[in-house]
Amino acid sequence: MAKVLAIAGMHRSGTSLTANWLHNCGLNMGQNLMKPAFANKKGHFEDWEIVNIHETDLREKGLHTTGLRTKNRQIFLLSDMSEKKLLGYIKKRSVEKQWAWKEPRGTLYLESWKKNILKMRCLAVYRPYNEVVNSLVRRTHYTIFKTKIFRFKNRLLLQAIYPLYIRREINNYAISWIKYNQSILNYKKKYPKDCLLFSINDIKNKNAEVFKIIQDWYNFDLTYYNFYEIYDKKLFNDTVNTFSYSNKLLNMLKSTSNELEQECII
């Protein structure tokens, strides 16, 4: 049976960097990978087929396909149709001895993946909430003001109401950070032997130790690849503007942060 690794984490948490590194260490992330873009210049390392499965399921649930507006939804399980597509994808990759997948939205659907790949292991990555929210704000600003992704009229409207729009989005991003990381924490508590949790700073600064832990944990056939051949500090902006949150939301952010730090392997 193939050894399968899921790389989970909130958007902008370093999962692409982690997947890029492990892909170069010999863990195949897929055949039809999303190409690099302005927000991920070295690649996303997401298989388009998986992206489409998750996006379609979110759309069917009446949610934004980015997975950044969860509307306090508590349970994320794939619909029967989406699960059928997932089983088709798993079957295609079953010829491989070991493989991995990475797609941030999949963090919400870990239970559905585990149901269909009982021996799947999960490598979860977290990044401090203010860094993630800042990164998403920078990406949103660039998308609205520097690209033509939105239609002309929509772009003009978003530019005109940007201060109000981004204030709402900051709250959405913070709530999503909690939802994604609570999904990881819940999964780790349910399957403690099948989930490792690292901070992205540990991966950046202690990657040789992280590599050994991963390899020994699941006996992957991997060869250490120099992490610093991939990591570009200029592309991983740690600059943080502190945003204001309601007391309730701030307490939830801090509480989740504390839980993550306690469960972190290093």
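Further up the page is the structure itself.
Owing to the predicted nature of the structure, the values given are computational and were not obtained by experimental measurement.

So, how was this worked out
Residues numbered from 1 in each chain as written. Predicted model: local features only at pLDDT ≥ 70, side-chain atom pairs only at ≥ 80, totals over all residues. Heavy atoms only, no water. Patch = residues over 30% accessible without salt bridge, like charges linked within 9 Å, V, L, I, M, F, W, Y side chains within 5 Å. Areas by Shrake-Rupley, 256 points an atom, 1.4 Å probe, with all protein chains shown as cover. Salt bridge = Lys/Arg side-chain N within 4 Å of Asp/Glu carboxyl O. Helix = DSSP H or I, 4+ residues; strand = E, 2+ residues; numbered from the N terminus. Buried < 20%, exposed > 50% of the residue type's maximum accessible area, 1.4 Å probe, protein only. Axes fitted to C-alpha atoms, helices over the stretch in contact; angles between N-to-C directions. Parallel < 35°, antiparallel > 145°, perpendicular 65-115°, else oblique. Contact = heavy atoms within 4.5 Å. Nonpolar A, V, L, I, M, F, W, Y, C, P; charged D, E, K, R; others polar. Pairing = 2+ DSSP bridges. Core = buried A, V, L, I, M, F, W, Y, C linked by side-chain atoms within 4.5 Å.

### What about a nonpolar patch on the surface?
Residues Phe38, Tyr142 and Ile149 make up a contiguous nonpolar surface patch of roughly 290 Å² in combined accessible area. Locating tyrosine 142 in the fold gives a position in helix 5 (residues 129-146). A residue is classified by how much of its surface remains accessible, and tyrosine 142, at 37% relative accessible area, is partly exposed.

### Re the packing of helix 2 (residues 48-60) against helix 3 (residues 80-93)
Closest axis-to-axis distance for the helix 2/helix 3 pair is 10 Å, and the angle between their directions is 170°. Considered as vectors, helix 2 and helix 3 are oriented roughly antiparallel to each other. Counting all contacts with helix 2, which are made through Glu49, Ile50, Ile53, Thr56, Asp57 and Glu60, the residues of helix 3 involved are Ser82, Lys85, Leu86, Tyr89 and Lys92. Tallied by class, residues from the contact of helix 2 with helix 3 come to 4 nonpolar, 2 polar and 5 charged.

### Considering the sheet that holds strand 1 (residues 3-8)
Across the sheet, which stays open at both edges, the 4 strands sit in the order 2-1-3-4 with parallel pairing between neighbours. Each edge of the open sheet is held by one strand with a lone partner, namely strand 2 (98-102) and strand 4 (195-199). Ignoring which end each strand starts from, the neighbouring axes of this sheet average 20° apart. The sheet contact formed by strand 1 and strand 2 spans 5 bridges and is parallel. Each bridged residue has a counterpart across the sheet, and for alanine 6 the counterpart in strand 2 is tryptophan 101. Across the face of the sheet, helix 9 (residues 207-218) comes into contact with strand 1, strand 3 (121-126) and strand 4 while running at roughly 175° to strand 4.

### Section: the nonpolar core
Residues Trp101, Trp113, Met120 and Tyr245 are the most contacted members of the largest nonpolar core, which totals 54 residues. Looking at this core, the element that brings in the most residues is helix 7 (residues 162-190), giving 12 residues. Other than its neighbours up to four places away in sequence, methionine 120 contacts Val4, Ala6, Trp101, Leu110, Trp113, Lys114, Tyr187 and Asp194. Ile7, Trp21, Ile214 and Trp217 belong to the second largest nonpolar core, which has 28 residues in total.

### Topic: the pattern of salt bridges
Under the counting rule described, the total for this entry stands at 17 salt bridges. Among the ionic pairs, arginine 105 bridges to glutamate 55, the shortest N-O distance being 3.3 Å. You can see arginine 105 sitting in the loop between strand 2 and helix 4 (110-116) and its partner glutamate 55 sitting in helix 2, a full 50 residues away along the chain. The same class applies to arginine 105 and to glutamate 55, which are both buried. Between arginine 127 and glutamate 131 there is a salt bridge, with its nearest N and O atoms 3.1 Å apart. Overlapping salt bridges bring together Glu55, Glu103 and Arg105 as one network.

This is a description of form; function is not addressed.
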